[in-house]
Amino acid sequence: MSSWIESGRKHVWHPFTQMKTAPEPLPVVSGKDELLVLADGRQVIDAVSSWWVTLHGHANPVIAEAIARQAATLEQVIFAGFIHEPAAVLSERLSGHWGGHLTRSFFSDDGSTAVEVAIKLSVQYRQNTGEPHRTQVIALDHAYHGDTLGAMSVGERSAFTAPFQKLMFDVIRMPSPVAASGPTTAEHRQIAMETLVSYLEYHHNEVTALIVEPLVHGASGMLMWAPGALREIRDVTARYGIHLIADEIMTGFYRTGELFACRHEQVMPDITCLSKGLTGGFLPLSVTMCTEEIYEAFLSDDRMKTFFHGHSYTANPIACAAALASLDLLETEETRRKVKGIEEVHRSFLPAYQAQPGVADVRVTGTIFAVEFAEATPGYFSGLGPKLYQFYLSEGVLLRPLGNVVYILPPYCISRENLEKVHRLILKSLEWVREGNAR
Ligand SMILES: *Cc1c(COP(=O)(O)O)cnc(C)c1O
């Protein structure tokens, strides 16, 4: 056993991990495309893009070279008082992908900080424009927006957030246009919209922003929205001048089949948060983009109207270079073809799932596939997830169930053969569970 494995055992604290009972972490030494290579030479298919970040595959040479080139040219510079080409060009290209509507990019480090920036921008905008009473943020049931205190505040309250209850700020919680379990119907959309519309009728003047994960609630189980709801939410928030914050941290960069989830319903948010796939999954970087109108509310001779926010590594040039290389790859016809191909494979397997007993729901949005195992106690803490996780790993596939929901969110380079293999394994696991192996 290599000595570094022992070092890790003694000194590392892993995320979302009960260190007392968790199985030994798998030592990984390299990656290529959709494969992770373990220290003992075993290969594992990364069917969850390493927590939804890897777009073009592990160790993609185009991005690796861009990073090496940038690191040898300019690795970092203070971003107050300085600008560099990778950040300037990246902002321009991202803005172009939002049809020129979101003109300004504010850089930070990860999804959570991008959400913090979005909330702070909206709240200070009201101060700057003479509506300081508008401080409420509306968030949806089943939402996940990150793990820092502000991001947790807008996310669904759960066992994860319970210890910090007193430190989080209050938000207005609204029903989401999804079923928490089982198939989503038009009724979910109707209830969500009626609740929102009737609240805003009387309270719109207190509200600054509404934050959503457009079309798919990722962390709460790849819950997929009823069609049309996003468009309706945009229309009603626009009517009252409420900022729509689209958290596209998971859904962005073709995960849902379009470059951004908002595009499915021709929605332009006022603010969007991008991270995860932004650098193709190579480096931590995020961006909070907003309209020129929001930006202009911070322009003033009064220094108090400045947005006083920043991070040590804001707009790190190496991370921006990785993002540019990832965009180059994303903008090719080949990527769009791969994205379509993944969705086709997912859909071709739907009848096989529907034919199985023990399936509470099965759903696809673009490259995201999810199957909900029927179970007495659904949710994250259902005992099923960890058992399935081990079952899949023993067959050479990394799938990390969210409780009783098993999902596939693959890197776009995955071969058809391997994607079909993953589906066949999930189908096999339904049988394995039915036989009582997961008890
Ligand atoms: C992952 C995620 C975040 C948080 O991003 P981090 O980089 O983990 O801080 C926020 N919102 C959504 C929708 C996410 O999926």
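Located above this text is the structure these notes cover.
Residues numbered from 1 in each chain as written. Predicted model: local features only at pLDDT ≥ 70, side-chain atom pairs only at ≥ 80, totals over all residues. Heavy atoms only, no water.

**Observations regarding the packing of aromatic side chains**
For the structure shown, the criterion picks out eleven aromatic pairs. Ring geometry for Phe-79 and Phe-107: centres 6.1 Å apart, planes at 90°, overall edge-to-face. Linking Phe-79 in the loop between helix 3 (61–71) and helix 4 (85–97) with Phe-107 in strand 4 (residues 102–108), this pair joins segments that are 28 residues apart in sequence. A relative accessible area of 3% means that Phe-107 is categorised as buried. Judged by centre distance (4.3 Å) and plane angle (15°), the ring pair of Trp-98 and Phe-260 falls under stacked. Here the residue Trp-98 occupies a position in the loop between helix 4 and strand 4, and Phe-260 occupies one in the loop between strand 10 (243–247) and strand 11 (271–274), the gap between them amounting to 162 residues. (Phe/Tyr/Trp six-rings, centres within 6.5 Å; stacked < 30°, edge-to-face > 60°. Helix = DSSP H or I, 4+ residues; strand = E, 2+ residues; numbered from the N terminus. Buried < 20%, exposed > 50% of the residue type's maximum accessible area, 1.4 Å probe, protein only.)

**Re a nonpolar patch on the surface**
A grouping of Phe-16, Trp-51 and Phe-160 is seen on the molecular surface, where their side chains present a nonpolar patch of about 280 Å² in accessible area. Among the secondary structure elements, Trp-51 is positioned in helix 2 (residues 49–52). Here Trp-51 falls in the partly exposed class, since its relative accessible area comes to 36%. (Patch = residues over 30% accessible without salt bridge, like charges linked within 9 Å, V, L, I, M, F, W, Y side chains within 5 Å. Areas by Shrake-Rupley, 256 points an atom, 1.4 Å probe, with all protein chains shown as cover. Salt bridge = Lys/Arg side-chain N within 4 Å of Asp/Glu carboxyl O.)

**Section: the sheet that holds strand 3 (residues 43–46)**
Pairing is mixed in the open sheet, where four strands are placed in the order 1-2-3-15. Looking at the sheet topology across the chains shown, the edges are occupied by strand 1 (28–32) and strand 15 (397–398). In this sheet, strand 2 (residues 35–38) lies alongside strand 1 in antiparallel orientation, the contact comprising four bridges. Counterpart to Ser-30 in the pairing with strand 2 is Val-37. Against the sheet, helix 13 (residues 416–434) makes contact with strand 2, strand 3 and strand 15, and its axis sits at roughly 90° relative to strand 3, the strand it touches most. (Pairing = 2+ DSSP bridges. Contact = heavy atoms within 4.5 Å. Axes fitted to C-alpha atoms, helices over the stretch in contact; angles between N-to-C directions.)

**A few points about the side chain of His-84**
You can see His-84 is positioned in the loop between helix 3 and helix 4. Assessed through its relative accessible area of 7%, His-84 is described here as buried. In terms of polar contacts, His-84 uses its side chain to reach the backbone carbonyl oxygen of Ala-315, at 2.9 Å. Not counting chain neighbours up to four residues away, the residues in contact with His-84 comprise Leu-74, Val-77, Phe-79, Ala-315, Asn-316, Pro-317 and Cys-320. (Polar contact = N/O pair within 3.5 Å; in protein donor to acceptor, adjacent residues only side chain to side chain.)

**Notes on helix 8 (residues 229–239)**
Listing the buried residues of helix 8 in full gives Ala-229, Leu-230, Ile-233, Arg-234, Val-236 and Thr-237. Of the residues one or two after helix 8, Gly-241 is the one with positive phi, at around 65°.

**Describing the site of the ligand**
Around the ligand lies a shell formed by Trp-52, Asp-110, Gly-111, Ser-112, Tyr-144, His-145, Gly-146, Glu-213, Asp-247, Ile-249, Met-250 and Lys-276. Between the ligand and Ser-112 there is a distance of 2.6 Å, counted from an oxygen atom to a side-chain nitrogen or oxygen. Residue Lys-276 places a side-chain N or O atom 2.6 Å away from an oxygen atom belonging to the ligand. Contact with the protein chains removes 84% of the 380 Å² of surface that the ligand exposes when unbound. Classifying every residue of the shell around the ligand by side-chain character gives four nonpolar, four polar and four charged. (Near = heavy atom within 4 Å. Nonpolar A, V, L, I, M, F, W, Y, C, P; charged D, E, K, R; others polar.)

**Digging into the pattern of salt bridges**
Using the criterion set out here, one finds 19 salt bridges in the structure. In this structure, Glu-24 and Arg-9 form a salt bridge, with 3.0 Å as the shortest nitrogen-oxygen distance. A residue pair is termed long-range when its members are at least 10 positions apart, and Glu-24 in the loop between helix 1 (3–11) and strand 1 and Arg-9 in helix 1 qualify at 15 residues. Under the relative-accessibility criterion, Arg-9 is labelled partly exposed at 40%. Here Asp-33 ties to Lys-32 by a salt bridge, and the two come within 3.6 Å at their closest N and O atoms. Assessed through its relative accessible area of 54%, Lys-32 is described here as exposed. When salt bridges that share partners are traced, they join Glu-6, Arg-9 and Glu-24 into one network.

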